[in-house]
Amino acid sequence: MSIFNNPEFGDKLVTLMAALALVLQIAMVAQRWLVTNIRLFSAQSFALAAVAGVIAWFTHSPHVYIAAFLTLAVKAILVPLLLERLVDRIEIRQEIEPIINTPLSIVISGALTLVAYIVADSFYHPEEGPPAAASLGHNTLAVAISLFLIGFFMMLNRRKALTQVLALLSLENGLFLAAISLTYGMPLIVEIGVFFDLLVAVLVLGILVFRIRETFESMDVSKLRRLRG
Amino acid sequence: MILLALLFIPFAAGPLSYFMRERRRMERVNVGAFAATLVAAIALARRVLREGSVSLWDGFLYADALSALVALLTAGVALVCSCYAVGYLREDERSGAFGENGDAAAQLRKYYCLTPMFVSAMLLVTLANNLGVMWVAIELTTLASVFLVTFYGKLTSLEAAWKYAIIGGVGLSMALFGTILTYYSGHKLTGSDTLAGLNWSVLATQAVHLDKTTMRLAFILCLLGYGTKAGLAPMHTWKPDAYSEAPVPAAAILSSAMLNCAIYGLVRVYILAARCLGADFPGNLLLLFGLLSMGVSVPFVLVQKNFRRLLAYHTIDHAGIMATALGVGGPLGSLALMLHMTFHTVAKSLLFLCAGNVWQQFKTDLFHKIKGGVIRAMPLTGGVFLMAILAIIGMPPFSLFQSEFLIVRAAFEAGHYLPSALFVLFGAGVFAGALLHVGGLVLGPAPAEPPPGWLPWRETSILALAAVLVVIGFWLPAPLLELIRGAARVVTGG
């Protein structure tokens, strides 16, 4: 039996890629440069596309190939390009200023990962005995939930508009991984719809960031404090 | 066929308006398209009453009485607001509200192009059978309306739009997680890996077989997600900002039709959860969030200085009322929810339109700058404003009194004594606050400003909507009542 038909090998590959995605997520928490952050996000999306591709190969499901391709095209290439162009246009190179300092942020991310593992545990039903092929990628659910939770934390921890957009995107990456690991992706039409929404959201938020920058001379959303009560 | 017409008429009107370079033509396209949409929605409602449910493309699009009711309300509000917008935007252009650097033609094109897309997304929410597609459509409603919130391009509008987009985005990501888990909870059922595996009509018939642990988590996440979109506390903070910054006809659509769509999404998930887990678990959560929203809105309504924000907090209150009604559940609670949704849609959009008239006349939305006397300066607007506020705070003989009374009755019958007491208490708080503020605004001596001209588009749409509000207080047309009952039966599953 060739190594490329061995589900155990596939399982290892999926786990490796998912672990890479988690490492990249924590790197995004720690990284202070905006452009590097965008590239980390791109790399993370690439890892997720690889997860989807491997799962598609071993389960022979064409719609997961399409999801993998869309992830690669939209999230690993198109969205980072758009964001980098935006960064160029509004001429910001300065650092991200998180509210909580970096070491503590990483500790919090670690704690969130732990929470995610506990939550994901409740989804395993070992007494039923997982059917061999269907179990592929199920151990990545914990990673998916960690990405989701850490994305949330990044969202709260950042002041600059563009970095919040990045946090939202990485949070969405967690959801994609959850869908892949739980059910091998959503039905294709839904998957396409979600990607379409994501692309439109990036465009809309990008335009908003641009206009906020133009009007406020700053992207610091903590300065958006005029509306109260 | 009718389902496609309902989706594509407004969807086509958006780009079409974009290419109509002239104002008059854009106005015609919009009003015409929304009139056609309303006709299609009425036709759909008639077919649903006759046949029970309508579906297309193997059940990809699906409409039962609940979808038909929400689609009908959406289309109705859209038509009235598009008529109103004609007058409103002409007045804006005349008075130079677009700002000195604002290009009036571009602004008009933006409004007339985005509104039909927005309405089309809302109609897709009601007609999509697949829960994933429904989620996509709800997210699309946010994205289509962000630039309606930034319409006037002020600092505050950008801030409001940012909050709206980000809070909405984060909230809806939770709903997406909920949707994924719903899909997963049915993964052991046959045919779950096909497109139909996430179809609501399929899941609803097999709801008892769904995985209970997963469904519980899925419901919590969907409640948080669609609750954010509906503006339930504590995820409501975007709402007053977005409503007070958007142009008034768009704010009217946001506060009535879009609220309905979010509640609609919540109802669909609630039905699955209630059939899978029993009504207690989802019901109690809904009661909690519903009453919290009502409670949170009370102090803000009492001390509010700005009448558009007052209306927004009022919408939060009503989102809470609807969540409470759904939480109480049962035949009576569901009927009360559907009645309340219908009545609230009419009354709240009317209130926003009146507020728009006041705003355009006085150029401010602060109570203390106007100092009362609206009814003398603008007898029609003032009179209707007062009537609509009396209606919405639940004064008999208006219709919202009936629906709120029904909710309390249903809650008592179901043994929810504390929630009923809180409901009445919070209701009284909002009643006092709203009446005090709007009374002060409308009544009083005449202000010095010259009386405004009669703007036919604006005033006629207000009069028409006011007539609807008065009529439904006393008499609901039999087919509409049948549709509302049908929608309630969808919830209880009888």
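Computed from a prediction, not measured in an experiment: that's the story for all the values here. (Residues numbered from 1 in each chain as written. Chains lettered and ligands numbered in written order. Predicted model: local features only at pLDDT ≥ 70, side-chain atom pairs only at ≥ 80, totals over all residues.)

Attention now moves to the overall build of chain B. Looking only at helices and strands, chain B features 20 helices and two strands. For 494 residues, the compact-globule formula gives about 23 Å, and the C-alpha radius of gyration of chain B, at 21 Å, lands near that figure. Principal axes of the C-alpha set define a box for chain B whose edges measure 70 × 55 × 45 Å. Burial status across chain B gives 64% buried among its 494 residues. Within chain B, contacts between residues separated by at least 24 positions form 81% of all contacts whose residues are at least 6 apart in sequence. (Helix = DSSP H or I, 4+ residues; strand = E, 2+ residues; numbered from the N terminus. Rg over C-alpha atoms; globule rule 2.2 N^0.38 Å. Buried ≥ 20, exposed ≤ 12 C-beta atoms within 10 Å, placed from the backbone. Contact = placed C-beta atoms within 7 Å.)

Attention now goes to the overall build of chain A. Looking only at helices and strands, chain A has seven helices and zero strands in total. Shown N-terminal to C-terminal, the secondary structure of chain A runs as helices and strands in the order α-α-α-α-α-α-α. Residue burial in chain A is summarised as follows: out of 229 residues, 47% are buried. For chain A, contacts bridging at least 24 residues in sequence account for 78% of all contacts bridging at least 6.

For the rest of this paragraph, the subject is the interface of chain A and chain B. Listed as interface residues are 33 residues of chain A and, on the opposing side, 33 residues of chain B. Taken together, the elements giving at least two residues each to the side of chain A that touches chain B come down to helix H5 (141-157), helix H6 (161-183) and helix H7 (188-216) of chain A. Looking at the side of chain A that touches chain B residue by residue, the classes come out as 23 nonpolar, six polar and four charged. (Nonpolar A, V, L, I, M, F, W, Y, C, P; charged D, E, K, R; others polar.)

Our next topic: the confidence of the model for chain A. Averaged over every residue, the pLDDT of chain A is 81; residues scoring 70 or more account for 84%. Here residues 129-134 of chain A is modelled with pLDDT under 50, and outside its nearest four sequence neighbours on either side it reaches five contacts, counting other chains as well. (pLDDT = per-residue confidence, 0-100.)

Moving on, we come to unusual backbone geometry. Residues and elements named next belong to chain B. Residue Pro234 is reached from Ala233 by a cis peptide bond, and omega for that bond is 0 degrees. Note that Pro234 resides in the loop between helix H8 (212-230) and helix H9 (238-245). Its identity as a non-glycine residue notwithstanding, Lys363 has a phi of 60 degrees, on the positive side. With respect to the helices and strands, Lys363 occurs in the loop between helix H13 (330-362) and helix H14 (367-370).

In this section: the environment of A:Glu172. Note that A:Glu172 resides in helix H6. The contacts of A:Glu172, once residues within four sequence positions are left out, are A:Leu198 and B:Ser173.

If you look at the biggest cluster of nonpolar residues, it comprises 283 residues, and the most contacted ones within it are A:Val51, A:Leu177, B:Leu69, B:Ile180, B:Leu350 and B:Ala388. Look past the residues within four positions of A:Leu177 in its chain and what remains in contact with it is A:Ala18, A:Ala21, A:Leu48, A:Val51, A:Thr140, A:Val143, A:Ala144 and A:Leu147. (Core = buried A, V, L, I, M, F, W, Y, C linked by C-beta atoms within 7 Å.)

In this section: helix H10 (residues 248-277) of chain B. Residue and element names in this part refer to chain B. The end-to-end C-alpha distance of H10 is 42 Å, a good match for the 44 Å that 30 residues give at a rise of 1.5 Å each. In H10, a bend of some 30 degrees at Leu254 exceeds every other bend along the element. With 28 of 30 residues buried, H10 is to be regarded as a mostly interior element. Looking one or two residues beyond H10, the residue adopting positive phi is Gly278, at roughly 90 degrees. (Expected span 1.5 Å × (residues − 1). Bend = angle between axes of the 7 residues up to and from the residue.)

To continue, consider H13(B). Each α-helix turn comprises 3.6 residues. Residues three or four places apart therefore point the same way. All names here are of chain B. For H13, built from 33 residues, the straight-helix expectation of 48 Å at 1.5 Å per residue is met to within 8% by its first-to-last C-alpha distance of 47 Å. Most of H13 sits inside the fold, with 30 of its 33 residues counted as buried. Count one or two residues on from H13 and you reach Lys363, which has phi positive near 60 degrees.

Moving on to the packing of helix H16 (residues 379-392) of chain B against helix H19 (residues 456-474) of chain B. Residues and elements named next belong to chain B. Packing of H16 against H19 leaves a shortest axis separation of 11 Å and a crossing angle of 35 degrees. Between H16 and H19 lies a crossing of left-handed hand. Residue-level contacts link Leu380, Val384, Met387, Ala388 and Ala391 of H16 to Glu459, Ile462, Ala466 and Leu469 of H19. (Axes fitted to C-alpha atoms, helices over the stretch in contact; angles between N-to-C directions. Left-handed = near helix turned anticlockwise from the far one by under 90°.)

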